[in-house]
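# What the coordinates show
So the chains spell out like this:
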Amino acid sequence: MYDIDDVGVFLGLDVGKSAHHGHGLTPASKKVFDKPLPNSEPKLRAVFDKLAAKFGTVLVIVDQPASIGALPLTVARDVGCKVAYLPGLAMRRIADLYPGEAKTDAKDAAVIADAARTMPHTLRSLELTDEITAELTVLVGFDQDLAAEATRTSNRIRGLLTQFHPSLETRPRTPRLDHSAVTWLLERHGSPAALRKAGRRRLVEVIRPKAPRMAQRLIDEVFDALDEQTVVVPGTGTLDVVIPSLARSLAAVHEQRRALEAQIGQLLEAHPLSPVLTSIPGVAVRTAATLLITVGDGTSFPTAAHLASYAGLAPTTRSSGTDGENQRTHSFRTAGLSRVTGKPTNFPYPYVSYGGTKRSTRRSA
């Protein structure tokens, strides 16, 4: 539990883009501060210094430690204040206990401050992030944005092929659009007519340097798919414009991701935990970096069981009436660990039976 014995004032901050609303409470619940704070270092520093001079130790609590909450936390540390994090889900549940249904910045800040004062067990410690981890956080976040963009673009290309010539999307046995030979082909010949015009022999020759082993097979399957459809779906002519543009965008995103992976790898090598993480079977650069920025060095977890519980892997009892024999594992609630496992955060995990009869495993998330 977070130690609040020496805290003189609890300053809850409902962080915002241009301003944060601050609400200060003493241990006796006396309100000593309640006003907006501009998101600038001089203003934040002045308020923190004033409260520290008058009340002693100041505990600054935020509900969003990253992004818009990064500056006030950094300034608070620099002036000697304690910092803590109240998870957003916990804050919202606590807010439901207070009268009124209105949601305002002032009320949220007051809830954050009062929760820190009366329920310190809900707070999470915010350790100072080292420079390598901070840089990895930014780069991994950008890489995940690029991965989402690549998926969106690939799905758009597949959707167009399915709409106008389904066989071209399903017939080739090389479905990966991230292969350089496939994107190169789509960049230059985006429609069925363009592929036919280029000719089988010429296409095999031009893509062989990019795919020596599958060039002949790929082109043969493409032309087999072309032969399966004799009708022309209205609007097919637009593929000459849309598909090449999407393919160029997809190729550019993949190139960015490859360059970014090299940068992430260089940073990861400089971290002392890199050899440990990369020695795990199946863990490469991207997964190791995601694990590092999600769980850190592991010192915040007293035991391995605590980490398993945080990850949602610890079985918990679900009993009701006579149905008391079954346990289940929580779905992954942590976005970072969800990305590592490749499963969505609402993935329904099965019940695990311990001595009882197995029940139906899937439930709505």
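To keep things clear, this report deals only with the structure shown in the data block.

What counts, and where the lines are drawn
Residues numbered from 1 in each chain as written. Predicted model: local features only at pLDDT ≥ 70, side-chain atom pairs only at ≥ 80, totals over all residues. Heavy atoms only, no water. Helix = DSSP H or I, 4+ residues; strand = E, 2+ residues; numbered from the N terminus. Buried < 20%, exposed > 50% of the residue type's maximum accessible area, 1.4 Å probe, protein only. Contact = heavy atoms within 4.5 Å. 1 Å grid on protein atoms, 1.4 Å probe; cavity = no way out; pocket = protein on both sides within 12 Å on 5 of 7 lines; lining within 4 Å. Points joined across faces, edges and corners; volume = space filled by probe spheres on them. Nonpolar A, V, L, I, M, F, W, Y, C, P; charged D, E, K, R; others polar. Pairing = 2+ DSSP bridges.

Within the secondary structure layout, Leu268 lies in helix 11 (residues 239–269). Overall, Leu268 belongs to the buried group, its relative accessible area being 3%. In this structure the C-alpha to C-alpha distance between Leu268 and Leu136, which are 132 residues apart in sequence, comes to 7.8 Å. In contact with Leu268, other than residues within four places in its own chain, are Leu136, Ser274, Thr278, Val285, Ala288, Ala289 and Leu292.

Quantified by volume, the second largest pocket comes out at close to 200 Å³. Residue lining of the second largest pocket: Val32, Phe33, Lys35, Ala46, Val47, Lys50, Leu51, Lys54 and Phe55, and that is the complete set. For the lining of the second largest pocket, the secondary-structure elements that each account for two or more residues are strand 3 (31–38) and helix 1 (41–55). With six residues, the top contributor of residues to the lining of the second largest pocket is helix 1. Residue classes in the lining of the second largest pocket are distributed as six nonpolar, no polar and three charged.

Once that is clear, we can look at the pairing of strand 1 (residues 7–14). With eight of its eight residues buried, strand 1 lies for the most part within the structure. As judged from the six bridges shared by strand 1 and strand 4 (residues 57–62), these two strands associate in the parallel manner. Paired with Val9 across the two strands is Val58, which belongs to strand 4. Here strand 1 runs beside strand 2 (residues 19–25); their pairing, made up of five bridges, is antiparallel. Bridge pairing in strand 2 places Asp14 opposite His21.

Read these as layout, nothing more, since geometry by itself doesn't imply function.
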